[in-house]
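# Remarks on the overall topology
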2 protein chains.
Amino acid sequence: MPVAKKRAYHHGDLARALVDAALQHIGREGVEAFTLREAARVAGVTHAAAYRHFADKRALLATIAEDGFRTLSDDLRDAAHSEGDALEKLTSIGRAYVRFAFREPARFRVMFGPRLNYDRRFPSLEAETQRAFRILLDAIEAGQRDGELIEGVSRDLATALWTSAHGFASLVLHRKIIVRSATRAEAYYVEIVRPLLTGLRR
Amino acid sequence: MPVAKKRAYHHGDLARALVDAALQHIGREGVEAFTLREAARVAGVTHAAAYRHFADKRALLATIAEDGFRTLSDDLRDAAHSEGDALEKLTSIGRAYVRFAFREPARFRVMFGPRLNYDRRFPSLEAETQRAFRILLDAIEAGQRDGELIEGVSRDLATALWTSAHGFASLVLHRKIIVRSATRAEAYYVEIVRPLLTGLRR
DNA sequence: ACCTGAACACCGTTCAAGT
DNA sequence: ACCTGAACACCGTTCAAGT
């Protein structure tokens, strides 16, 4: 077993092992406590080996963030295709956003914590972010077309829902809003978002 | 001048000098790039000297966060005392929150970025946070008493407004929402929050 | 009371060298 | 092609020693 482990990452899965170790650690200790060297240690490899797979620490975090937005998009798409009228779909989308944050707190923190892309070094990360927003935007526009939602700039209404879900998830993860459990948090969000949805109803 | 500087921090202002250096650096490079050693360098002092004023790096950041919440409370209180009906006051409060985030981005990042208080080591920080929320809560309850706002758990309605302002400020500072300028951001927030306020109106 | 100097155990990153 | 070992310039934190 130790011998097998010694060559385990010659098959191209070191990148993934490093990412997994990173997510483990970030989930427990926060993104500011994450180090490349410890991820390499956990993966059973010398710290310099990480640089064969990621240009630097930021590149590893950007990969995590990008994967995170991809997963989030999948979740939001499922919610957008759920049963119900426009308002119920928007509730589902917001709820899916909050659920994602609680199911994947490490990913969520990496996606919205450190300033990974201030120099636009990771265009694909930006693209994935916009794809996620687009799903929300489409749901708003469909609701407007069907006459279920108020008129107005669809981008603005989508942003209103995003800020609500994002603000809630961020504040709960940061323990500024206290909830008993992840399940409770989701139910609480549905309460919180109700006035906004009332305001969006035509 | 260099001689004067040599003894400048024997008068008790090193703590402040370190905080100022920290805010400067965090404003430019982000909280993850801040180091105690560089703050000490900028303050013209050996790095070990910082430990005479702060227990550790986290304590310095907690001081910044606590000061930030105090300033935020002042701003929110001013907004809560502004002219107008309940909805106008809530708009002012949300707007003040967003304005604070843009005027003091470094403070805002420290307040809501790293997990400074997961072990409840800084109870005064938690107290200041709650004081800020209380101002919002009072405004909601006054509006409910006057019959201008919908009934319901005041804490939930206050949380709805908080998530909206906080989500907006966070996403703009993180460049997930793009705005041309700080002034534009504030005006844009007023647009974004409109549906929520409609939903809060009785 | 406040700061310095030296030390310790860490980092991120680079690069020649090994297989 | 992928990893190791050694090196470099950094950190946060501690502590005896200086004024």
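You'll find the structure just up there.
## Points about the overall build of chain A
Within chain A, the regular secondary structure consists of 9 helices and 0 strands. When the helices and strands of chain A are placed in sequence order, the string is α-α-α-α-α-α-α-α-α. In terms of overall dimensions, chain A has a C-alpha envelope of 65 × 35 × 30 Å along the principal axes. Here chain A holds 202 residues, and the buried ones make up 51% of them. Pairs at least 24 residues apart make up 68% of the contacts formed inside chain A by residues separated by at least 6 positions. Of the roughly 10200 Å² that chain A leaves accessible, carbon and sulfur atoms contribute 49%. When the 32 basic and 26 acidic side-chain charges of chain A are each reduced to a single mean position, those positions are 8 Å apart.

## Things to note about the side chain of D156(A)
Summarising the element assignment, D156(A) is placed in helix α8 (residues 154-173). Among buried charged residues, D156(A) stands out as having no salt bridge; its nearest opposite-charge side chain is R155(A), 6.3 Å away. Not counting residues within four places of it along the chain, the set of residues in contact with D156(A) comprises Y188(B) and I192(B).

## Structural notes on the environment of M111(B)
Mapping M111(B) onto the fold places it in helix α6 (residues 105-112). Taking the C-alpha atoms as reference, M111(B) lies 7.6 Å from E66(B); in sequence the two are 45 residues apart. When sequence neighbours within four positions are dropped, the list of residues in contact with M111(B) reads H174(A), K176(A), A65(B), G68(B), F69(B), L72(B) and F100(B).

## Digging into the relation of the copies chain B and chain A
One chain copy maps onto the other through a rotation about an axis and a shift parallel to that axis. When chain B is fitted to chain A, the residual RMSD is 0.0 Å, and the transformation amounts to a turn of 180° plus an axial shift of 0.0 Å. Expressed as a symmetry operation, the mapping of one chain copy onto the other fits a two-fold axis. A share of 100% of the interface residues of chain B reappears at the interface of chain A, consistent with the copies meeting face to face through the same patch.

So, how was this worked out
Each chain has its residues counted from 1, following the order in which its sequence is written. Chains and ligands are labelled sequentially in the order written, the chains with letters from A and the ligands with numbers from 1. Restriction of local features to residues with pLDDT of at least 70 applies here, the model being predicted, together with a cutoff of 80 or more for giving and counting side-chain atom pairs; totals for whole chains, interfaces and linings are based on all residues. Values shown for side chains rest on all heavy atoms present in the structure; no hydrogens or waters enter the calculation. Starting at the N terminus, helices and strands are each numbered in turn, a helix being any DSSP run of H or I of at least four residues and a strand any DSSP run of E of at least two. Categorising residues by exposure relies on relative accessible area from a 1.4 Å probe, with only protein chains included: less than 20% of the type maximum marks a residue as buried, more than 50% marks it as exposed, and the intermediate range marks it as partly exposed. Contacts: residue pairs with any heavy atoms within 4.5 Å of one another. For accessible areas, the Shrake-Rupley method is used with a probe of radius 1.4 Å. Any residue's cover is judged against the shown protein chains and nothing else. Just so you know, the count uses Lys and Arg for positive and Asp and Glu for negative, and it drops His and the chain ends. Note on charges: their place is set at NZ of Lys, CZ of Arg, CG of Asp or CD of Glu. Any Lys or Arg side-chain nitrogen found within 4 Å of a carboxyl oxygen on Asp or Glu counts as a salt bridge. Only residues with pLDDT of at least 70 in both copies count here: their C-alpha atoms drive the least-squares fit that superposes the copies.

Just distances and angles here, no functional claims.
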